[in-house]
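As a plain string of letters, each chain reads:
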Amino acid sequence: MHNETTTLRQEIFSLKHVDKGYHKGGEDDIQVLDDVNLTLHEGEIVGLLGRSGSGKSTLLRIIAGLIQASSGEVNYCGQPLTGPAEGVAMVFQTFALFPWLTVLQNVEAGLEALGVEPKERRRRALAAIDLIGLDGFENAYPRELSGGMRQRVGFARGLVVNPTLLLMDEPFSALDVLTAETLRTDLLDLWNQKQLPIKSVLIVTHNIEEAVFMCDRIMVLSSNPGRVVAEIKVPFAHPRNRLDPAFRKMVDDIYALMTQRRSADTLHKVQLEIGSPLTEVSTNLMAGLMEALAAAPYNGRADLPEIGSKLLLEVDDLFPVAETLEHLGFVELRDGDIELTAAGKLFADYGTQERKVLFAEHLLRHIPLAARIRRVLQERPGQRAPRLRFEQELEDSLSDGAAEETLDTVISWGRYAEIFSYNDHSETFSLEDMEGGQ
Amino acid sequence: MTSVIRPFIPATAKRLLPNRWDLIAFPLILGFLLFATTGIQGTWAPISALQTEPISLDAANLPEYALRTTLRMLAAMFASIVFTLIYGTLAAKSRRAGQLLVPILDILQSVPVLGYISFTVTFFLALFPGRVLGAEFAAIFAIFTSQAWNMTFSFYQSLRTVPNDLKEVSQNLRLSGWQKFWKLEVPFSMPGMIWNMMMSMSGGWFFVVASEAITVGDKTVTLPGVGSYLAMAIAQKNLTAVGWVILTMTVVIIIYDQFLFRPLVAWADKFRLEDTMSQAAPESWVLNLIQRTRVIQQILRPFGKLLKKLARLRLNISLPRAIHTESHSGVSRGLDIVWGAFITLLVGYVCWRLYSFISSEVGLGETFKVVGLGFITLIRVTLLIALASVIWVPLGVLIGLRPRLAEMIQPIAQFLAAFPANLLFPVFVVFIVHFKLNPDIWLSPLIVLGTQWYILFNVVAGASAFPNDFREAATNFHIKGWQWWRQVMLPGIFPYYITGAITASGGAWNASIVSEMVSWGDDKLAAHGLGAYIAQMTAAGDFPKILLGICVMSLFVVLFNRLLWRPLYAIAENKLRLN
């Protein structure tokens, strides 16, 4: 109902050609956001959808004035943004309620900062608490509340300052499924009944269904660096029905978009290099997904959103494992579907030892870093090498954190495959004492 | 010194205790001191003055002195570990022993360490008449008393909180008591114990310096060491020698830290349970070196094997009436009554002896005077801790919020906390003497000279650990200025601050004995206060009055802890906990 007139409505926020990079020891910047354009209008809920590493939280913090863009234009109500603006309130994934303040004090804190008189402060805080369904809990401390109740306090704290724009950073992802749904519908009801003082909402999420359920417009971000790769209008009226075929179709399309995207950049499958970042995915999860795919009803091929919801895997869990398996040559991803390769089918059939052998073979063939470590160890006389040697090599192309994660990942895969052993205390790789020990 | 050590909540602060047991422990300890000294005085006195090598102010001797001082520290640490393992186990495993041992421990750590010295010097000298060994033991014992209690508490605490599933596993694996002790209980308590060992060590340097050169009445003990060197430098008004000793100590502490403690902390990290592994793991280049060098590994291996073998023995030490049975049989209940009656009688007897001793030797007037002096020292300690807090809390927050700066400052603050502040006293005293300043005011800062750093580094740690989301929320809602301190930062660092302040205040009481009365050559400066009183009576060798002084000071410390720190700590634990 809001979206039809979007273009006519007043512009609240606009970002033009925004880049964000972090300096790293004189070398090239680590690029987090690349040429992002985004406009927020009055009366709409906009979703920023992306996987981890897409810089969506960074983007949100740029809008909140908490961090500065490296370059580009950020305008709020027509004025360039300098620092945290009045009229922009934020709701946090971790709630970020001060544990030493009661619900009422937490809600009042923002008003106090604005210099509102104590009486007026109390009145407005109580009104916000009532609105959000927290009456009776005014004097409770956050630790006495359940997660859902805490996030309601987070909303009340955000709403009480009458913000123009409400920013939400994965507000429901720390909650269980049922609680999250209740909060979503409550919030949408208030929004649609125009009971909220806010003019626009920007919500960051990695949950595709959530984005389609709540937003009028969805900006899909790619990862490493974050770029807006698609802008999708959601035309459905509220309340939305998740089982509606049109709803399902849109969810499927976004899934396909988010898996396709990666390959569209280079036309064919991305080839890994030694310095490519690896995401920590446990070998158990890989085996589990392959087994599930091999079994009925999928028999080797499945729709990604379907198997994701069946296995209770969110996008941030499902995509990394699916892509890792693709890199390893165990599955192929196409049009939002996932299909086992011949090797993948073999793996699913094999017993523990055979699996390890097959995995080792694929690891050495498809993950250049694993092959490199193995080769270095074989060449060295003592068949040992310090972690630092590889970490420094990785840090040429990756941020410190990513280099560490990549190395930890290859260590855990290598240990499973038994292609080398690693001692965490001395931080050395070796081909000796593969049976482990202290 | 790059890695930042994570603060551990000191065992001192977080235990839960039945308060009434203090009524028992308090007189028992003082009674023990009384009996030990009066008994020995009666039978062994007079003891001729100890013959020891004279101390030379030649700086070339300092390395040797430093070595002997360090050896004393090590010996005391070894004694503390043995004591900890035995005492902690007894207190945790035997219900009846625990009823008595835990409160005794609690009081023991409130008794000013330097108060013990005057007694123990006499005691140990008497044990080994005419030998240096006695004096060595006395010094080591003094360091031991400054180290053992909080380690023991930490160990006791860990034994009580071993997760149930791990206990069940060791039962399921049919480990004997001895095996379980080494496989589960000791490893589990390791991180806390090592953290407390570090804290102990910091305090230990202070006391080793104070206990090497001490005069009790007509007996003067000067053990070759850094402390005696300092005493000689003071007596001869040699400021250059003071400079040398400060330099030596700096080097010693850095070496000690790099070669002993940092490797230990880094090594003990593997005993951490998984859920506490959030922050960066402590690093030690020495440990890395040892672990990566094969030669050292080979040399160490036989020792490791021996220890492992020892731990694998199926020794079954059954502790008397271990607490694994919940149901009380009639016999057991009977024993409880007998045990209770025995303790009550014992306490009654000791109280009576204590009372009659003090009343016959000292008199009520003196007691009132000493309590008055106690209040003066109380005011001094309170004011200076407050002053140190006002200075270091804001600075600590500002430092802690800047990770780079915090990483640089933190090791320095920890070093300063470990540095024995009494080495710096002469510098201040020279200043006070020169300008003829009022000792009651100008000696006061010496009380917190060494211990204020605990406040700083705990606050820095607290501010560094302050969740980023909270900071962002504060910024987003435009919370600034005084509101920011009041509602955001101060409550956030409060638990850390309290941890630091408790340590600082405990240290300040101890320091009062050496800092309220100081000298420079023939110039003697004394402030009014209980510390000065104890110091003067020690110098005069007046045992009843020393005992009275220690009694009153212990009482003040216990009350101070009970009435101020513990309630504050409870608030910090319950209300201001993050998450």
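Residues numbered from 1 in each chain as written. Chains lettered and ligands numbered in written order. Predicted model: local features only at pLDDT ≥ 70, side-chain atom pairs only at ≥ 80, totals over all residues.

1. A look at the sheet that holds strand 11 (residues 301–303) of chain A
Residues and elements named next belong to chain A.
- Spatial strand order, 11-13-12: three strands in an open sheet with antiparallel pairing. Here the strands that pair on one side only, and so sit at the sheet edges, are strand 11 and strand 12 (331–334). Looking at each pair of strands side by side, their axes are set apart by 20° on average, direction ignored.
- Looking at chain direction, strand 11 and strand 13 (residues 337–340) are connected through three bridges and run antiparallel. Bridge pairing in strand 13 places Asp-303 opposite Asp-337. (Pairing = 2+ DSSP bridges. Helix = DSSP H or I, 4+ residues; strand = E, 2+ residues; numbered from the N terminus. Axes fitted to C-alpha atoms, helices over the stretch in contact; angles between N-to-C directions.)

2. Thoughts on the sheet that holds strand 3 (residues 45–49) of chain A
Residues and elements named next belong to chain A.
- Within the open sheet, the six strands sit side by side as 6-7-8-3-9-10. Their pairing is mixed. Single-partner strands in this sheet number two, and they are strand 6 (88–91) and strand 10 (228–233). Pairs of neighbouring strands in the sheet enclose a mean axial angle of 15°, with direction left out of account.
- With five bridges joining them, strand 9 (residues 217–221) and strand 10 adopt antiparallel strand pairing. In the sheet register, Ile-218 faces strand 10, and the bridge partner there is Ile-232.
- Of the strands in this sheet, strand 6 and strand 7 (165–169) touch helix 4 (residues 147–160), which is tilted by about 175° from strand 6. (Contact = placed C-beta atoms within 7 Å.)

3. Observations regarding the packing of helix 5 (residues 113–127) of chain B against helix 6 (residues 132–160) of chain B
Residues and elements named next belong to chain B.
- Where helix 5 contacts helix 6, the axes come no closer than 8 Å and their chain directions differ by 150°. As far as their axial angle goes, helix 6 and helix 5 are roughly antiparallel. Crossing hand, helix 5 versus helix 6: right-handed. Across from Val-113, Tyr-116, Ile-117, Thr-120, Val-121, Phe-124, Leu-125 and Leu-127 in helix 5, the residues of helix 6 making contact are Gly-134, Ala-135, Phe-137, Ala-138, Phe-141, Ala-142, Thr-145 and Ser-146.
- Its residues assigned to classes, the contact of helix 5 with helix 6 shows 12 nonpolar, four polar and no charged. (Parallel < 35°, antiparallel > 145°, perpendicular 65-115°, else oblique. Left-handed = near helix turned anticlockwise from the far one by under 90°. Nonpolar A, V, L, I, M, F, W, Y, C, P; charged D, E, K, R; others polar.)

4. With respect to the interface of chain B and chain A
- With 21 residues of chain B at the interface, the matching set in chain A holds 22 residues.
- Those elements that provide at least two residues to the side of chain B that touches chain A are helix 11 (285–292), helix 20 (468–476) and helix 21 (481–515) of chain B.
- Here the side of chain B that touches chain A takes six residues from helix 20 of chain B, the largest share from any one element.
- The class makeup of the residues in the side of chain B that touches chain A is eight nonpolar, six polar and seven charged.

5. Some thoughts on the confidence of the model for chain A
All names here are of chain A.
- Per-chain confidence: chain A averages 87 in pLDDT, with 93% of residues scoring 70 or above.
- The low-confidence segment residues 1–7, where pLDDT is below 50, has 11 contacts with residues more than four positions distant or belonging to other chains.
- pLDDT under 50 marks residues 263–268. Its contacts with residues more than four places away, or in other chains, come to three contacts. (pLDDT = per-residue confidence, 0-100.)

6. A word on helix 22 (residues 530–540) of chain B
All names here are of chain B.
- Summarising burial for helix 22: eight of the 11 residues are buried, a large majority.
- When helix 22 is considered as a whole, its buried residues turn out to be Leu-530, Gly-531, Ala-532, Tyr-533, Ile-534, Ala-535, Met-537 and Thr-538.
- Of the residues one or two after helix 22, Gly-541 is the one with positive phi, at around 70°. (Buried ≥ 20, exposed ≤ 12 C-beta atoms within 10 Å, placed from the backbone.)

7. Concerning the pairing of strand 12 of chain A
Residue and element names in this part refer to chain A.
- Residues Val-331 and Leu-333 line the buried face of strand 12, whereas the alternating positions Glu-332 and Arg-334 sit on a face that is not buried.
- With four bridges joining them, strand 12 and strand 13 adopt antiparallel strand pairing. Across the sheet, residue Leu-333 finds its bridge partner in strand 13, namely Ile-338.

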